[in-house]
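Letter by letter, the chains look like this.
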Amino acid sequence: MPHTHTYRTDEEILEGLRRGDPASAEALFDHFADRIHGFGLKVCGHGEDAREILHETLVRAVRSVKDVKHAKALTRWLYRIASVACAARRRPDQIAEGREIPIEDLTPARRGGVTAPIHDWSLDPDEESRRDEEKRLLKEAILDLPMHYRLVLVLRDMEEMSEIEVAEILQVPIQTVNPRLHRARLFVRRELTRRLMDPSGGTRAS
Amino acid sequence: MNCKEVFESLSGYLDDELIPDEADEIETHVERCAPCQAFLNTLQRTVAFCRDATVMSLTDAAHAEARESMKRRFVDAAKAIPKT
């Protein structure tokens, strides 16, 4: 489907959607499909989920375009819809929304006031073959994160959203964003450590 | 600052969000504490992995067909939405 529209800015797209111009839907796809699809893929890990999240997000956006007050908010609003679509795909065994993982569960054991030794895998040789493995392990570790942590990690560290933007997208108090980001990073670090030390995932590592 | 306090503040440290005194305390602690240094290094590497991670892009020529099919499906669905 070649470009048949002349829409260039978020403002023009929003205006077009409000008027019900069919070409504006095409422009919406051209401007945002790659970003929203990539976001769905990072959060949910599967191509099929990412395609459905993209479709649901854009259809819902067209249907409820009157909810967007300003073109400046269009990107955050699309991420908001996509985040809800991702959250609907959470695994039932994950901890409930709002429950926080204690920091102690994510940091090394301390015995007699002393922290146990930690394997510093950041000093391991940086080899091409290892990089592919690390990428795969990172994806696995992120998918193991409970959804309310995963969304914060992907938005902050992968989509490069600010603390304020993430609070708005996820509709959470701003003061919860960075503590959740910290726990999410600690969780992924712990899982990477565990998997790098034992690829079968058998031992518990700090 | 003890190890536990260091663990709690490391994201703020990595994101440069701590006040200078706190950042100095962390640096002084990790210089003398091998486990905290290793913990900081591996956390820093974890964050770098996340920031550098890439996923398949719909704009790649290899995915042009999939993109077109998704676009057609969406544009058809959008046309069917009644105007309000």
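Analysis parameters
- Residues numbered from 1 in each chain as written.
- Chains lettered and ligands numbered in written order.
- Predicted model: local features only at pLDDT ≥ 70, side-chain atom pairs only at ≥ 80, totals over all residues.
- Heavy atoms only, no water.
- Salt bridge = Lys/Arg side-chain N within 4 Å of Asp/Glu carboxyl O.
- Helix = DSSP H or I, 4+ residues; strand = E, 2+ residues; numbered from the N terminus.
- Buried < 20%, exposed > 50% of the residue type's maximum accessible area, 1.4 Å probe, protein only.
- Core = buried A, V, L, I, M, F, W, Y, C linked by side-chain atoms within 4.5 Å.

**Q** Can you explain the pattern of salt bridges? Please cite residues and give values.
**A** Here the structure, examined in full by the defined rule, presents 28 salt bridges over all chains. One salt bridge in this structure joins Glu26 of chain A and Lys71 of chain B, with 3.5 Å as the shortest N-O distance. Pair noted here: Glu26 of chain A is in helix α2 (residues 22–44) and Lys71 of chain B is in helix α4 (residues 64–79), and the two residues belong to different chains. The class of Glu26 of chain A is buried, set by a relative accessible area of 6%. Close ionic contact of Arg185 of chain A with Asp157 of chain A constitutes a salt bridge, the shortest N to O distance being 2.8 Å. Highlighted residues: Arg185 of chain A in helix α8 (residues 177–197) and Asp157 of chain A in helix α6 (residues 147–158), separated in sequence by 28 residues. Taken individually, Arg185 of chain A and Asp157 of chain A each receive the classification buried, so the pair is uniform in this respect. Because the salt bridges share partners, they merge into one network encompassing Glu133, Arg136, Glu140, Asp144, Arg190, Glu191, Arg194 and Arg195 of chain A.

**Q** Talk me through the nonpolar core; I want residue IDs and the actual numbers.
**A** Looking at soluble globular proteins, one finds that nonpolar side chains tend to be buried together. If you look at the biggest cluster of nonpolar residues, it comprises 85 residues, and the most contacted ones within it are Leu28, Phe39 and Leu78 of chain A together with Phe74 of chain B. With 11 residues, α2 of chain A is the largest single contributor of residues to this core.

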